[in-house]
Amino acid sequence: MPKVNITETVLRDSHQSLIATRMTTEQMLPILEEMDRIGYYSLEAWGGATFDACLRFLNEDPWVRLRKIRDKVKNTKLQMLFRGQNILGYRHYADDVVEYFVQKSIDNGIDIIRIFDALNDARNLETSIKAAIKENGHAQAAISYTISPVHSNESFAQYAKQLEDMGAHSICIKDMAGLLKPYTAYELVKTLKETVKIPVQLHTHYTSGLASMTLLKAIEAGVDAVDTAISPMAMGTSQPPTEAMVATLEGTEYDTELNLNQLDRIARYFSPLREEYIKSGLLDTDILKVDVNALLYQVPGGMLSNLVSQLKQAGKSDKLIEVLEEVPRVREDSGYPPLVTPTSQIVGSQATFNIITGERYKTITKEFRGLVKGEYGETPVSIKPEFVKQIIGDEEQITKRPADNLKPELDTLREKVKAYSEQDEDVLTYTLFEQVAAKFFDIRKAAKYKVDLDNADSVNKVHPV
């Protein structure tokens, strides 16, 4: 058994889970060179919600963030999370957009692209896996882990084999809700290692309190790499602490070969930042508690906070338990989709409407109709025909790969963004988040204009005209 590799998540999923992805690039930069000396297998630094949050809340260009991180990190692989045909957005995009986004991500510094699909529909990973291979990137295909009567270790292994046959360089078990129990993880990893020849990695969340034990049992079963977060930004809805895992494995056959004293320097950098987040209210200490609801209702932490927010806005906070009980029923009706972006939001919103209106499916969201219709791909089990008819009427279900219905988009989008564009990547930013991107481009232009004015003023003061 070779050493266990560690992927550090503090630059992406850790702060996405704990502080809604609000860590700024400037807060990251001072520690990056030190992190680069640790010996991590990879730093997860981009993708997921970072792209949206940079534009919407931080007035940052996500591409500039990636380039700045790459400039400081010379020796460690940079990793991103990628939603297959959804890229980093919430709908399916045409193949030419997916291919171009993969190309530009790798051009700007990404080494490993972790690609997943919310429904575990392999067809939705095909284009991005091929694109990553073409660009000489590492295509890590992820299994969205979930619990249901139709999901089993054998079905996950069958899916992993499909992904390996498509060219994936490694497999990741993506346990977004912290549902994977330690002994189940042991059996799942054993089954995967017997089925595929490529490396297997495990990503989980501390939400349910199981994560460190789950990683340990997966390591004993032969998992090749695990995701952890440096301790000030670990636990709660984040990942298990890096230092604890390194210390646990030290001196064993699974030794990570990472140095605890070096890791302590990283922890000491992030500790004051954590205190800032708590004081500002960004880090709500409630999310650091073990949440048993995750195990009872299979609801990820981010989905739970969305449900609480929706009910609060509707003045129905007292209905939370009813909504949580409705989620598994809606999930069963819609073919047992795993609950991860975007299906977690889709199922959660529909469950909320079912309870608030007092009548199941009286109000049907556009996204739920799309899920039942097949716009997001094939659900793990076929949805009952009578339910399909109830939701979409006489419309025809989509049975082929959803992106086959999409015409190439890039040329049209380049025309649309021409007035804003300052770099090739702007067309991709605009494609994913049109309104948010347009607003950001205006802010960027105004800031640049101000800098030009300030520079002109300073020149004129020295050399009056």
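See above for the structure.
Residues numbered from 1 in each chain as written. Predicted model: local features only at pLDDT ≥ 70, side-chain atom pairs only at ≥ 80, totals over all residues. Heavy atoms only, no water.

Undergrad: Any chance you could explain the layout of surface pockets here in plain terms?
TA: Space left empty within the atom packing is revealed by a probe, the size of a water molecule, rolled over the atoms. In this structure, the second largest pocket encloses a volume near 310 Å³. Surrounding the second largest pocket, 15 residues form its lining, Leu-119, Asn-120, Ser-155, Tyr-159 and Pro-380 being those nearest its centre. Taken together, the residues of the lining of the second largest pocket break down into seven nonpolar, six polar and two charged. (1 Å grid on protein atoms, 1.4 Å probe; cavity = no way out; pocket = protein on both sides within 12 Å on 5 of 7 lines; lining within 4 Å. Points joined across faces, edges and corners; volume = space filled by probe spheres on them. Nonpolar A, V, L, I, M, F, W, Y, C, P; charged D, E, K, R; others polar.)

Undergrad: So what exactly am I meant to see when it comes to the pattern of salt bridges here?
TA: Pairing is possible between side chains of opposite charge, provided their charged atoms come close. Counted by the stated rule, this structure contains 35 salt bridges. With a closest N to O distance of 3.9 Å, Arg-67 and Glu-425 form a salt bridge. One end of the pair, Arg-67, is in helix α4 (residues 62–72); the other, Glu-425, is in the loop between α18 (410–417) and α19 (426–432), with 358 residues separating them in the sequence. The exposure class of Glu-425 is buried, given its relative accessible area of 7%. For Asp-426, the salt bridge identified is with Arg-444, shortest N-O distance 2.8 Å. (Salt bridge = Lys/Arg side-chain N within 4 Å of Asp/Glu carboxyl O. Helix = DSSP H or I, 4+ residues; strand = E, 2+ residues; numbered from the N terminus. Buried < 20%, exposed > 50% of the residue type's maximum accessible area, 1.4 Å probe, protein only.)

Undergrad: Looking at this structure, how should I read the sheet that holds strand β1 (residues 5–8)?
TA: Strand order in the closed barrel formed by eight strands is β1-β2-β3-β4-β5-β6-β7-β8, with parallel pairing between adjacent strands. With direction set aside, neighbouring strand axes in the sheet form an average angle of 30°. Two strands pair when backbone bridges link them, and strand β3 (residues 77–82) and strand β4 (residues 112–115) are joined in this way by four bridges, in the parallel orientation. The residue of β4 that forms the bridge with Phe-82 is Ile-115. Packed onto the sheet, α4 meets β2 (42–47) and β3 and runs at close to 165° relative to β2. (Pairing = 2+ DSSP bridges. Axes fitted to C-alpha atoms, helices over the stretch in contact; angles between N-to-C directions. Contact = heavy atoms within 4.5 Å.)

Undergrad: Would you mind going over the packing of aromatic side chains with me for this structure?
TA: Each aromatic ring pair is described using two quantities: the centre-to-centre distance and the angle formed by the ring planes. Across all of its chains, the model carries 17 aromatic pairs by this definition. With 6.1 Å between their ring centres and 55° between their planes, Phe-440 and Phe-441 make a pair best called tilted. You'll find Phe-440 and Phe-441 in the same group, each marked buried. Clustering of aromatic rings is evident, with ring pairs tying together Trp-46, Phe-51, Trp-63, Phe-82, Tyr-90, Phe-101 and Phe-433. The ring of Phe-116 carries Lys-174 above its face, with NZ or CZ at 4.9 Å from the centroid. In this structure, Arg-414 packs its charged tip against the face of Tyr-100, placed 5.0 Å from the ring centre. (Phe/Tyr/Trp six-rings, centres within 6.5 Å; stacked < 30°, edge-to-face > 60°. Lys NZ or Arg CZ within 6 Å of the ring centre and 35° of its normal.)

Undergrad: Looking at this model, I keep getting lost on the pairing of β1. Mind explaining?
TA: The two faces of a sheet get side chains in turn, since along a regular strand they alternate between them. Here β1 pairs with strand β8 (residues 225–228) via four bridges, running parallel. In the sheet register, Glu-8 faces β8, and the bridge partner there is Thr-228.

Undergrad: Mind showing me how you'd approach the packing of helix α15 (residues 343–356) against helix α16 (residues 366–373) here?
TA: In a pair of packed helices, the angle between the axes and the distance between the axes together describe the arrangement. At a closest axis distance of 9 Å, the pairing of α15 and α16 adopts a crossing angle of 115°. α15 and α16 meet at a crossing whose hand is left-handed. Residues Thr-343, Ile-346, Val-347 and Gln-350 of α15 pack against Glu-367, Phe-368 and Leu-371 of α16. The residue inventory of the contact of α15 with α16, partitioned by class, reads four nonpolar, two polar and one charged. (Left-handed = near helix turned anticlockwise from the far one by under 90°.)

Undergrad: How should a nonpolar patch on the surface be read in this particular structure?
TA: Where nonpolar side chains cluster on the molecular surface, the patch consists of Val-292, Leu-295 and Leu-296 and spans about 250 Å² of accessible area. Relative to the helices and strands, Val-292 resides in the loop between α11 (260–280) and α12 (293–297). (Patch = residues over 30% accessible without salt bridge, like charges linked within 9 Å, V, L, I, M, F, W, Y side chains within 5 Å. Areas by Shrake-Rupley, 256 points an atom, 1.4 Å probe, with all protein chains shown as cover.)

Undergrad: I would appreciate a short explanation of empty space enclosed by the protein in the present structure.
TA: Within the structure shown, the criterion is met by one cavity of 30 Å³ or more. Empty space within the largest cavity amounts to approximately 60 Å³. Lining the largest cavity we find Arg-83, Asn-86, His-92, Phe-116, Asp-117, Ala-118, Leu-119, Thr-341, Pro-342, Thr-343 and Tyr-376. Grouping the amino acids of the lining of the largest cavity by side-chain chemistry returns five nonpolar, four polar and two charged.

Undergrad: Would you mind going over helix α6 (residues 126–134) with me for this structure?
TA: In an α-helix, one full turn covers 3.6 residues, which means residues spaced three or four apart are oriented alike. Every buried residue belonging to α6 is among Thr-127, Ser-128, Ile-129, Ala-131 and Ala-132, and all of these are buried. On the buried face of α6, the contacting elements are β3, α5 (95–107), β4, β5 (138–144) and α7 (153–165). Asn-136, located one to two residues past α6, shows a positive phi value of around 65°.

Undergrad: Help me understand unusual backbone geometry, please; the structure alone is not making it clear to me.
TA: A negative phi angle is the norm for most residues apart from glycine, just as the trans form is the norm for most peptide bonds. The residue after Thr-341, namely Pro-342, is reached through a cis peptide bond having omega 5°. Here Pro-342 is to be found in the loop between α14 (320–333) and α15. Phi at Ile-87 takes a positive value of approximately 55°, unusual for a residue other than glycine. Topologically, Ile-87 is positioned in the loop between β3 and α5. Here the phi dihedral of Asn-136 falls at roughly 65°; this positive angle occurs in a residue that is not glycine. Within the secondary structure layout, Asn-136 lies in the loop between α6 and β5.

Undergrad: Which parts of the structure should I look at to understand the side chain of Thr-431?
TA: Mapped onto the elements, Thr-431 comes out in helix α19. Given a relative accessible area of 7%, Thr-431 falls into the buried group.

Undergrad: Looking at this structure, how should I read the side chain of Ser-334?
TA: One can find Ser-334 in the loop between α14 and α15. A polar contact is formed between the side chain of Ser-334 and the backbone oxygen of Val-330, at a distance of 2.8 Å. Excluding anything up to four places from it in sequence, Ser-334 contacts Val-347, Phe-368, Leu-371, Thr-379 and Ile-383. (Polar contact = N/O pair within 3.5 Å; in protein donor to acceptor, adjacent residues only side chain to side chain.)

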